[in-house]
Amino acid sequence: MFYEARQFSNNGPLVRQLEQRLAQFHGTTHCVTFCSGFWALVLVIKCLALPGRREVLMPSLTYRRMGDVVSWAGLVPRFCEVDLRTLAVSAETARPLVNEDTALLLGVHPIINCCDVAGLERLSEETGVPLFIDAVESVYETFQGRKVGSFGRAECFSLHASKLLNGFEGGYVTTNDACLAGRLVRMRGFGFYTPDIVQEFGMNAKLNEVHAAMALAGLDSLEVQVARNRGRYQAYRQVLAGLQGMRLVPFDESEQSGYKSILVELRGDWPLTRERTLDLLNAENVLARAYYAPPLHLRPTDYPTLSGPLPLTERLAERFMLLPCGHFVDENDIRRIGALLRFIHAHASVLQGEVFV
């Protein structure tokens, strides 16, 4: 379609079609696409942050580059604790840190399930601080039966190749705020209001037609992908059942879920450290990864950050890891991973030393 239209970029026909379908999918009136989720986050933060204030209140147990996003927007991350049950920011963990310099509440959905959006919306209403939600891992999820995408002032999603909805690369924002959507459209296109008038702070952050075409194909196959993900999750649940010291973090099956990622917790009776366990798995080509470690308040940065003691976050950052998932992982792979984990558990006393690859 874009080839026939001879329009590769600049709000082409497939980008417009994708935005229309995504707004309908999430139950919102507006969707604005971008070249990446990163720049979508930056530009929305620039739009929503309260003027004259500088702090963005956000969890420390989150995506490793989230503090960078806030800094690119010219603001300062203030890190807060997370809820033990959801592993996500909540109204209770954020409320004590809201102050006269808080410009924005950044709610971030964890990799499994959702943060307490209802509580954060109430906190936003009580304090007058806008709520923006990073939902890059939650494209298919619902919260209290309502599709993620229409909460807060806006929500941001990723079209990166690692996400459930894959556009090779890209991102998008959903909102019911027409003024915000209009500003974002101008900001992603250099800030131009007309071909000769610059009206907004802007950059070139437009999604092109190739990425839009891939994302549209992904939308068409989304239900098939979710069904496959559910099968992998159920296979992991079976092979990890009864494995002492390891807990598969469950999806909330009372809600709609994409079942994309597999997260496990290493409990006190797991015989090895998380890092040692990852070394052993990686040495056998099982590409497991630490979950959000180290937390952001412990990372050195070239920009200012604010944080008090976050003991719960620090404990949680040592206990979780992500196991292989995705289209190229089948149930035979999962059974082999389960068998390897049981071997590691059974022979932990002789697996404390160096890994030889």
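Now for a quick tour of the structure. Everything numeric here is computed off the predicted structure, so don't read it as measured data.

**Quick notes on the sheet that holds strand β12 (residues 246–248)**
Right, on to step 1. Strands sit in the order β12-β13-β15-β14 across an open sheet of four strands; the sheet is antiparallel. Since the sheet does not close on itself, it has two edges, and those belong to β12 and β14 (289–290), each with one partner.
Right, on to step 2. As defined by bridge partners, strand β13 (residues 262–266) adjoins strand β15 (residues 320–323) across four bridges and the pair is classed as antiparallel. In the strand pairing of β15, E265 is matched with F320.
Right, on to step 3. Each of β12, β13 and β15 touches helix α9 (residues 222–240); the most contacted strand, β12, lies at about 155° to it.

**Thoughts on the nonpolar core**
Right, on to step 1. Of all hydrophobic cores here, the largest spans 84 residues; its most connected members are L240, L323 and L341.
Right, on to step 2. Per-element accounting of this core gives the leading share, seven residues, to α9.
Right, on to step 3. Setting aside residues no more than four positions away along its own chain, L323 makes contact with Y236, L240, I262, V264, L281, A288 and L341.

**Describing the pairing of strand β2 (residues 55–59)**
Two faces belong to every sheet, and in a regular strand the side chains alternate between them.
Right, on to step 1. With five of five residues buried, β2 lies mostly within the body of the structure.
Right, on to step 2. Here β2 runs beside strand β3 (residues 76–80); their pairing, made up of five bridges, is parallel. Bridge pairing in β3 links L57 to R78.
Right, on to step 3. Handedness of the crossover is the feature at issue here: the chain leaves β2, passes through helix α4 (residues 66–72), returns alongside β3, and the resulting connection is right-handed.
Right, on to step 4. As judged from the three bridges shared by β2 and strand β4 (residues 102–108), these two strands associate in the parallel manner.

**Things to note about the packing of aromatic side chains**
Right, on to step 1. This structure, assessed with the given rule, holds nine aromatic pairs.
Right, on to step 2. Measuring from centroid to centroid gives 5.2 Å for W39 and W72, while their planes differ by 75°, and the two rings are edge-to-face. With W39 in helix α3 (residues 37–48) and W72 in helix α4, this pair connects stretches of sequence that are 33 residues apart.
Right, on to step 3. Overall, the relative accessible area of 22% leaves W39 in the partly exposed class.
Right, on to step 4. In this structure an aromatic cluster arises from ring pairing among F38, W39 and W72.
Right, on to step 5. If you follow K46 out to its NZ or CZ, it ends over the ring of F201, 4.6 Å from the centre.
Right, on to step 6. One Lys or Arg, R146, reaches over the ring of F151 and ends 3.9 Å from the middle of that ring.

**Brief notes about the sheet that holds strand β8 (residues 154–158)**
Right, on to step 1. Spatially, β1-β9-β8-β5-β4-β2-β3 is the arrangement adopted by the seven strands of the open sheet, whose pairing is mixed. Because the sheet does not close on itself, it has two edges, and the strands there are β1 (30–34) and β3. With direction set aside, neighbouring strand axes in the sheet form an average angle of 25°.
Right, on to step 2. Helix α2 (residues 13–26) rests against β1, β8 and β9 (171–175) of the sheet, and its axis sits at about 130° to β1.

**Some thoughts on the environment of L164**
Right, on to step 1. Position of L164 among the secondary structure elements: in the loop between β8 and β9.
Right, on to step 2. L164 sits in the buried class, given a relative accessible area of 8%.
Right, on to step 3. Distance from L164 to Y259, taken between C-alpha atoms, is 9.3 Å for residues 95 residues apart in sequence.
Right, on to step 4. Excluding its chain neighbours within four sequence positions, the residues that come into contact with L164 are V139, Y140, L222, Q225, V226, N229, G258 and K260.

**Structural notes on the packing of α9 against helix α12 (residues 331–346)**
Right, on to step 1. The geometry of α9 relative to α12 is characterised by a closest axis approach of 9 Å and an angle of 25° between their N-to-C directions. With respect to α12, the element α9 is oriented roughly parallel. The hand of the α9/α12 crossing is right-handed. In this structure, α9 uses G231, R232, A235, Y236, V239 and L240 to contact α12, whose residues at the interface are E331, I334, R335, I337, G338, L341 and R342.
Right, on to step 2. Each residue belonging to the contact of α9 with α12 can be placed in one class, and the counts come to seven nonpolar, two polar and four charged.

**Digging into the side chain of E255**
Right, on to step 1. Mapped onto the secondary structure, E255 falls in the loop between β12 and β13.
Right, on to step 2. Side-chain polar atoms of E255 contact the backbone nitrogen of G145, separated by 3.0 Å.
Right, on to step 3. Setting aside its immediate chain neighbours within four residues, E255 contacts T142, F143, Q144 and G145.

**With respect to the packing of α3 against helix α7 (residues 178–188)**
Right, on to step 1. Between α3 and α7, the least distance of the axes is 10 Å, while the angle of their chain directions is 130°. As far as their axial angle goes, α7 and α3 are oblique. Between α3 and α7 the crossing geometry is right-handed. Each of L43, V44, K46, C47 and L48 in α3 lies in contact with α7, whose residues at this interface are L180, R183, L184, M187 and R188.
Right, on to step 2. A class-by-class count of the residues in the contact of α3 with α7 yields seven nonpolar, no polar and three charged.

What counts and what doesn't
- Residues numbered from 1 in each chain as written.
- Predicted model: local features only at pLDDT ≥ 70, side-chain atom pairs only at ≥ 80, totals over all residues.
- Heavy atoms only, no water.
- Pairing = 2+ DSSP bridges.
- Helix = DSSP H or I, 4+ residues; strand = E, 2+ residues; numbered from the N terminus.
- Contact = heavy atoms within 4.5 Å.
- Axes fitted to C-alpha atoms, helices over the stretch in contact; angles between N-to-C directions.
- Core = buried A, V, L, I, M, F, W, Y, C linked by side-chain atoms within 4.5 Å.
- Buried < 20%, exposed > 50% of the residue type's maximum accessible area, 1.4 Å probe, protein only.
- Right-handed = clockwise from strand over helix to strand, strands pointing away.
- Phe/Tyr/Trp six-rings, centres within 6.5 Å; stacked < 30°, edge-to-face > 60°.
- Lys NZ or Arg CZ within 6 Å of the ring centre and 35° of its normal.
- Parallel < 35°, antiparallel > 145°, perpendicular 65-115°, else oblique.
- Left-handed = near helix turned anticlockwise from the far one by under 90°.
- Nonpolar A, V, L, I, M, F, W, Y, C, P; charged D, E, K, R; others polar.
- Polar contact = N/O pair within 3.5 Å; in protein donor to acceptor, adjacent residues only side chain to side chain.

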